[in-house]
Amino acid sequence: MLHKFFFNRLSLEKKVKHLHEKGVALGSRIKDGRQIHMYMLKDLFVEVLYTDDKTYLAPEKVNILNGLTNLQQYLETEFRSRF
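One structure accompanies this document, and this report is about it. All values reported here derive from a predicted model rather than from experimental measurement. Each chain carries its own residue numbering, running from 1 in the written order of its sequence. Since the coordinates come from a predicted model, pLDDT governs what is reported: local features require at least 70, and pairs of side-chain atoms require 80 or more to be given and counted, while whole-chain, interface and lining totals use all residues. Calculation of side-chain values draws on the structure's entire complement of heavy atoms; hydrogens and water are dropped beforehand.

### What to know about the nonpolar core
Working step 1: Ranked by size, the top nonpolar core spans 11 residues in total: F7, V16, L19, Y39, L41, L44, V46, V48, Y50, V62 and I64.
Working step 2: Mapped by element, the contributors of at least two residues to this core are α2 (12-22), β2 (34-41), β3 (44-50) and β4 (59-66).
Working step 3: For this core, the leading source of residues is β3, giving 4 residues.
Working step 4: Residue contacts are defined here by distance: any two heavy atoms, one from each residue, within 4.5 Å place the two residues in contact. Excluding residues within four positions of it along the chain, V62 makes contact with L12, K15, V16, V46, E47 and V48.
Working step 5: In this structure, M38, F45, L65 and L71 belong to the second largest nonpolar core, which totals 5 residues. To form a nonpolar core, buried Ala, Val, Leu, Ile, Met, Phe, Trp, Tyr and Cys residues must be joined to one another through side-chain atoms within 4.5 Å. Here the term buried applies to any residue with accessible area under 20% of the maximum for its type, exposed to any over 50%, and partly exposed to those in between, with areas from a 1.4 Å probe on protein chains only. Numbering of helices and strands runs from the N terminus, with a helix taken as a DSSP run of H or I at least four residues long and a strand as a DSSP run of E at least two residues long.

See below:
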């Protein structure tokens, strides 16, 4: 919980740098024609959207999910919204 508090206080660029250094890349998916990359950092799951969908460009947005249960619910909701 404390980790999430401090992670949220970082700038967007520092969040992504921290994810690259300490996190685990889980994969990517396509949503609304954009590529979203998923990372795991302890009990946090973080989606990152990059400029022009290129990981070497600046990050545009992050979405933080706390815990595996929240990740599962989020992905199930995303899946159901497709149909």
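### Concerning the sheet that holds β2
Working step 1: A pair of strands is considered paired only if DSSP assigns at least 2 bridges between the two. Strand order across the open sheet formed by 4 strands is β1-β2-β3-β4, with antiparallel pairing between neighbours. Unpaired on one side and paired on the other, β1 (24-31) and β4 mark the two borders of the sheet. Mean inter-strand twist for the sheet, computed between neighbouring axes without regard to direction, equals 25°.
Working step 2: Bridging between β3 and β4 involves 7 bridges; their strand directions are antiparallel. When the sheet's bridge partners are listed, L49 is paired in β4 with K61.
Working step 3: With axes taken as lines fitted to C-alpha atoms, and helix axes fitted only over the stretch in contact, angles between N-to-C directions fall between 0 and 180 degrees. The sheet strands contacting α2 are β1, β2, β3 and β4, and the helix crosses β4 at an angle near 65°.

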